[in-house]
Each structure stands twice: as C-alpha cells, then as structure tokens.
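# Structure assessment
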Amino acid sequence: MLELDMIASVREDVLAIAQEASAVILEVYEGDFDVDHKADASPLTDADLAAHHCIVAGLSRLTPDIPVLSEESAHTIALDVRRTWSRLWLVDPLDGTREFVKRNGEFTVNIALIDHGVPVFGVIQAPVSGVLWHGVPGHGALRRDASGEHPVRVRQPATAPLRVAASRSHLDPRTEALMTRIGEVETVGLGSSLKFCRLAEGRMDVYPRFGPTSEWDTAAGQAILEGAGGAVLDPRGRPFRYNQRDTLLNGDFIALGDTTLPWRDWL
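Structure report, in brief.

About the cut-offs
Residues numbered from 1 in each chain as written. Predicted model: local features only at pLDDT ≥ 70, side-chain atom pairs only at ≥ 80, totals over all residues. Heavy atoms only, no water. Salt bridge = Lys/Arg side-chain N within 4 Å of Asp/Glu carboxyl O. Helix = DSSP H or I, 4+ residues; strand = E, 2+ residues; numbered from the N terminus. Buried < 20%, exposed > 50% of the residue type's maximum accessible area, 1.4 Å probe, protein only. Pairing = 2+ DSSP bridges. Axes fitted to C-alpha atoms, helices over the stretch in contact; angles between N-to-C directions. Contact = heavy atoms within 4.5 Å.

### With respect to the pattern of salt bridges
For the structure on display, the rule yields 15 salt bridges. One salt bridge connects Asp115 with Arg87, and the closest N-O pair in it is separated by 3.4 Å. Taken together, the residues Asp115 in strand 5 (residues 108–115) and Arg87 in strand 4 (residues 87–95) connect sequence positions 28 residues apart. By relative accessible area, which is 0% here, Asp115 ends up buried. In this structure, a network of salt bridges that share partners links the residues Arg143, Asp145, Arg198, Glu201 and Arg203.

See below:
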C-alpha cells in the first residue's frame with residue numbers, strides 16, 4: 001500500500017488540480033454550450049473535455065509514474081494495459097453532466113488514487129459552491145471552504161428518520177422499495193458524488209444505488225466516506241475495489257454513514 005507521506009507530499013497539488021479543473025468547468029457553465037452524446041447516450045459537453053485535459057496534464061506532470069484513467073479517455077486504454085497498473089489515478093472530470101446541463105449546480109470533479117484496487121485518497125470539488133472534500137481511509141476526511149478546513153465525520157449512531165440520498169436523475173422502483181423497508185425516512189434528492197460528501201459530513205445516512213455507475217463515479221467518494229467512518233459496500237458486504245475486472249461498470253451498492261445499520265435487511 002502507498003505510504004501516507006507519499007499522499008501527503010502530493011495532496012495540495014492534487015487539490016489545486018481539482019480547483020483548476022473546476023475553474024475551466026465554470027468558464028463553460030457560465031456561457032452558452034452545446035451538448036453532444038456518447039455512444040451510451042450520456043451527455044458530453046466542452047466542460048467535460050476541458051476538465052479532462054486539465055486534470056490529465058496536471059496529474060501526469062505531478063506523478064509521471066502513475067497512469068491516469070479518466071472517463072473521457074478510458075475507451076482508448078486497452079484492458080491488457082490497465083491490468084498491469086498496480087497504481088492509478090481514477091478520474092471523473094465532470095461527474096453529473098446531466099446536472100450541469102440542467103444548470104442546478106450539483107456536479108463535481110472527482111479524483112481518486114487507487115493502489116492495488118483500493119481507493120487510498122479521494123478528492124471531490126464542487127465548482128459552483130467552491131467547496132472541496134478530501135480524505136484518506138482510516139486517517140480522516142476534511143471539508144475545505146471559504147471559512148477554512150474542517151474535519152468531517154459520519155453520523156453515528158444514525159437515528160430515525162434516516163436521511164436517504166436519492167439521485168434526481170436515477171431514482172428507480174428498487175430504491176423506492178428499499179426506502180419503504182427502512183421505515184421512517186427523509187429523502188434528499190442530490191446529484192453526482194455530492195451524496196458521498198453529505199454522508200461523510202453526517203448530513204445524510206444512506207445512499208442506495210441500483211443500476212449502472214462507473215468506477216470513476218464512486219472511487220473518490222468512497223475514499224472520503226471511508227475516511228469519515230463510513231463505507232461503500234456491494235450486496236455481499238464487500239468494499240468496492242477498482243481496476244480489478246474486465247468491466248469498469250459497478251454493480252449495485254449501498255453507501256452508509258453508520259456501518260452498524262441493518263442494511264442487509266433492507267436489500
């Protein structure tokens with residue numbers, strides 16, 4: 001596993017790269033922009049591409065020995081190549097492009113450092129609010145905003161009503177059924193990886209997700225949430241691992257603030 005002093009040595013530079021990407025995203029957001037679509041029908045804007053180039057260039061200069069796997073270039077990297085990577089940066093240059101297109105502000109920049117499949121450092125930057133979260137599993141998570149930098153921690157024990165994060169773009173019948181099984185809940189609609197940040201801050205308790213996400217959607221959020229005391233688990237209770245399979249698509253998961261909650265009873 002990567003040593004903490006290595007992460008500490010690059011942390012401020014990585015945060016700066018996330019903030020630079022945020023700035024180029026806002027340049028597009030504040031003007032008129034076109035929306036294209038990828039092969040899977042997901043939206044693509046100039047902001048996605050500008051942030052991608054900014055982050056890849058910055059990380060490549062900072063750590064030339066660690067490859068970068070970004071959503072916007074993943075299709076150009078062969079499986080047999082990425083399989084040889086024990087360490088990598090896993091990046092979503094603009095998470096929540098649908099929210100970006102809706103202009104509701106709920107989109108983020110996600111950067112995660114992966115070591116032998118494990119997310120060991122995560123950064124999430126919210127361009128519109130300017131708030132940034134970062135964390136190292138087992139060693140804490142922090143929120144940085146205009147007032148300074150403050151540690152964040154999950155809400156434990158979580159008491160009823162549980163605050164359940166539900167995506168505005170992806171709410172589905174299975175999620176609604178799970179919330180019924182939980183019982184007394186307060187639902188909160190929120191886009192992108194901001195859900196992981198709210199969990200890490202103790203402002204939400206549960207984020208269930210049924211349906212497709214990609215590894216770059218969850219890695220940074222998992223690192224931050226684990227740093228704050230929470231977890232991202234598959235239906236068998238295993239923490240998510242990255243760049244370990246042929247596909248870069250995630251399966252179902254549940255993200256928890258309080259890991260003692262009876263989540264298995266809800267699935």
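### Brief notes about the sheet that holds strand 4
The strand order across the open sheet formed by 7 strands is 3-4-5-6-7-8-9, and the pairing between neighbours is mixed. Each edge of the open sheet carries a strand with a single partner, namely strand 3 (68–70) and strand 9 (148–152). For this sheet, the mean inter-axis angle between neighbouring strands, taken without regard to orientation, is 20 degrees. With 7 bridges connecting them, strand 5 and strand 6 (residues 118–125) associate as antiparallel partners. Its bridge partner lying in strand 6, Ile111 is registered against Val123. The strands that helix 1 (residues 4–29) touches are strand 4, strand 5, strand 6, strand 7 (132–135) and strand 8 (141–145); relative to strand 6, the one it contacts most, it runs at about 40 degrees. Its contacts with the sheet put helix 7 (residues 215–227) on strand 4, strand 5, strand 6, strand 7 and strand 8, and the angle it makes with strand 6 is roughly 95 degrees.

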